[in-house]
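Single-letter residue listing:
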Amino acid sequence: MSKVPLPARLAGYRAAHAAGRPRQLPVNLTVSVTYSCPSRCATCDIWQKKVDDMSVDEYGRTFPTLRKVPVWVTLSGGDQFVRADFDEVVRLVVTLIEPGIVNIPMNGVITERIFDLLPRIAHHTAVGRAQHVLNLSVDEIGAAHDEIRGADRNFEKLKSVAALIHDLKKTYPHVVLGVHTVISKLNVARIPDIEREARVLFRPDSYIAEVAENRVELKTMHKDITPDPRDFRRATAHLSNVIRANRSGHPVARLVESLRLEYYELAARILEEKRQVIDCYAGWASAQLAPDGHVWGCCVRAESMGNVREHGFDFAAVWFGPQADAFRASVKAHACACPLANASYTNLLLDPRSLVRVAANMAGLPQGAPPAARFA
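Within every chain, residues take consecutive numbers counted from 1 along the sequence as written. Side-chain atom pairs in this predicted model are given and counted only at pLDDT of 80 or more, local residue features only at pLDDT of at least 70, and totals for whole chains, interfaces and linings cover all residues. As a convention, hydrogens and water are excluded, and side-chain values are obtained from all of the structure's heavy atoms.

> Which residues make up the packing of aromatic side chains, and what are the values?
Within 6.5 Å between ring centres, the rings of Phe, Tyr and Trp (the latter by its six-membered ring) count as paired, and their orientation is classed by plane angle as stacked under 30 degrees, edge-to-face over 60, tilted in between. Following the criterion strictly, the structure yields 6 aromatic pairs and no others. A centroid spacing of 5.2 Å and a plane angle of 25 degrees characterise the contact between Y59 and F63, whose relative ring orientation is stacked. Three labels apply to residues, based on accessible area from a 1.4 Å probe with only protein chains included: buried if under 20% of the type maximum, exposed if over 50%, partly exposed otherwise in between. Here F63 falls in the buried class, since its relative accessible area comes to 0%. Seen in terms of ring centroids, W72 and Y345 are 5.7 Å apart; in terms of plane orientation they differ by 80 degrees. Their pairing is edge-to-face. Here W72, found in strand β2 (residues 72-76), pairs with Y345, found in helix α12 (residues 341-350); they are 273 residues apart in sequence, far enough to count as distant. The two residues W72 and Y345 agree in class, both being buried. Whether a charge sits over a ring depends on NZ of Lys or CZ of Arg being within 6 Å of the ring centre and within 35 degrees of the ring normal. For the cation-ring pair, K49 lies above Y35, with the distance from its terminal atom to the ring centre recorded as 4.5 Å. Residue placement shows R328 over the ring face of W319; its charged tip is 5.3 Å from the ring centre. Going along the chain from the N terminus, every DSSP run of H or I of four or more residues is numbered as a helix, and every run of E of two or more is numbered as a strand.

> Kindly report on helix α9 (residues 251-273), identifying the contributing residues and their values.
To estimate how far a helix should reach, multiply one less than its number of residues by 1.5 Å. With 23 residues, α9 extends 33 Å from end C-alpha to end C-alpha; this agrees with the ideal 33 Å at 1.5 Å per step. Maximal helix bending in α9 amounts to about 25 degrees, located at E262. Burial analysis of α9 places 19 of its 23 residues in the buried class, which makes it a mostly covered element. Once α9 ends, the next one or two residues include K274, with phi positive near 55 degrees. Note on bend: at a given residue it equals the angle between the axes fitted to the 7 residues ending there and to the 7 starting there.

> Mind laying out the packing of α9 against α12, listing which residues take part and the relevant values?
In the contact formed by α9 and α12, the axes pass within 10 Å of each other and the chain directions differ by 100 degrees. Taken together, α9 and α12 sit at an angle that is classed as roughly perpendicular. Contacts between α9 and α12 involve V256, L259, R260, E262, Y263 and L266 from the first element and A341, S344, Y345, L348 and L349 from the second. Gly is placed with the polar residues, together with every amino acid not listed as nonpolar (Ala, Val, Leu, Ile, Met, Phe, Trp, Tyr, Cys and Pro) or charged (Asp, Glu, Lys and Arg). Of the residues assigned to the contact of α9 with α12, the class counts are 8 nonpolar, 1 polar and 2 charged. Comment: axis = line fitted to C-alpha atoms, over the contacting stretch for helices; angle = value between 0 and 180 degrees taken between N-to-C directions. Roughly parallel means an angle under 35 degrees; roughly antiparallel means over 145; roughly perpendicular covers 65 to 115; every other angle is labelled oblique. Note on contacts: a residue pair is in contact if any heavy atoms of the two residues lie within 4.5 Å.

> Residues and numbers for the side chain of R83, please.
By secondary structure assignment, the location of R83 is in the loop between β2 and α3 (86-97). In contact with R83, not counting residues within four places along its chain, are V33, T34, D53, M54, S55, V56, Y59, V89, R113 and L117.

> Which residues make up the nonpolar core, and what values go with them?
Here the nonpolar core consists of buried residues drawn from Ala, Val, Leu, Ile, Met, Phe, Trp, Tyr and Cys, with membership extended through side-chain atoms lying within 4.5 Å. Counting 115 residues, the largest nonpolar core has L75, F86, L118 and L136 as its most contacted members. Ranked by the residues each element gives to this core, the list is headed by α9, at 12 residues. Residues in contact with F86, not counting those within four places in the same chain, are V33, L75, Q80, F81, I104, L117 and I121.

> Talk me through the sheet that holds strand β3 (residues 101-106); I want residue IDs and the actual numbers.
Within a sheet, adjacent strands bond to each other through the backbone by hydrogen bonds, running parallel or antiparallel. Following DSSP output, two strands are said to pair if at least two bridges run between them. Judged by pairing direction, the sheet is mixed, and its 9 strands sit side by side in the order β6-β5-β4-β3-β2-β1-β7-β8-β9 without closing on themselves. A strand with exactly one partner marks an edge of an open sheet, and here the two such strands are β6 (206-211) and β9 (304-307). Across the sheet, the axes of successive neighbouring strands diverge by a mean angle of 25 degrees, strand direction being ignored. The pairing of β3 with strand β4 (residues 131-137) spans 6 bridges and is classified as parallel. Residue pairing across strands places I101 opposite Q131, the latter belonging to β4.

> Account for the pattern of salt bridges, with residues named and values stated.
Salt bridge, as used here, is a side-chain nitrogen of Lys or Arg placed within 4 Å of a carboxyl oxygen of Asp or Glu. Under the definition given, this model contains 29 salt bridges. With a closest N to O distance of 2.5 Å, R190 and E140 form a salt bridge. Remark: E140 occurs in the loop between β4 and α5 (143-149) and R190 occurs in the loop between β5 (175-183) and α7 (191-202); sequence separation between them is 50 residues. Take R190: its relative accessible area is 29%, and that puts it in the partly exposed class. Looking at E140, the relative accessible area reads 6%, which means it is buried. The partner of E213 in a salt bridge is R215, with the nearest N and O atoms 3.2 Å apart. R215 carries the same exposure label as E213, and that label is buried.

> Describe the environment of I208, with residues and values.
Note on placement: I208 falls in strand β6. Classification of I208 as buried rests on a relative accessible area of 3%. With 73 residues separating them in the primary sequence, I208 and N135 have C-alpha atoms 8.9 Å apart. Residues contacting I208, with those up to four places away along its chain left out, are N135, V179, H180, T181, V256, R260, Y264 and Y345.

The following block contains the structure:
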């Protein structure tokens, strides 16, 4: 089955959203393979959740029902490397979904297994001709990072994993090394220093950040972790200036940077105004498959549209079902608003003015409108 060109897909999502009638499977898919995690992060309690994770066989039955529609697939956790079969899950994603980009966020804790599985994973994505983004989670420098992440010697382990990825890049040029920071009340004042030191220590192709928020998936609804919008703006203003001054030459890393330049302003507006600044397409163009088979429109609300285990492992049967329709209706009615970066990428590409700016960012063209006017 050949993929429909992305511009046609995007036009289809806009038309379906306007009509209130979904016609396509999601182009942006997150597959969370486990909630288990050895870290005890101050900004995440996902490790407390216990479920029966889907097996490799179950993924093998589910992925074909996505009909090779997703272009961007993120494989998340928990800590994915808790699973000794994680490389097999990636192989199934690459062979059965055939995405253009496979994104794996990593905390670097289970180093021995990472060194065992990551070369295999890089090989699978190379064979599948998918661009492979590996984002290392770096929330501080040195011991301060270990304290926030609740994992002994985590920062030193991250440096060894970064060295492994740099070595893999010599054989697999499709691999992209990123550094990702969660901006919370714990580190917002130090973002410029964290960014500068992380670039020197890890030599990433891109450095990106996302705001800490209250998410049902992460069990953080009770946590006071989101920074003041003014502090977030100051932090991301620095990051935006650095991106513009040091554009990546790697096409995927440059795309991520171009999206982040728009995301930082969008996220700040959402934090300030507490509303959908542009239409959200969660449940329309983006989705998440939870470790136990539940299908969500997004991980912030983590509301089940149904479970693939109860629908013959048919993702489409859940996606086009009544529970999914109810979720989409609430999102379209602006019943919620959040700065979730993964979903925001899709939303930016589906907002015409934002898409023009992302394209201009890719080309390195100057932006005429002041930030506050971008989403007016």
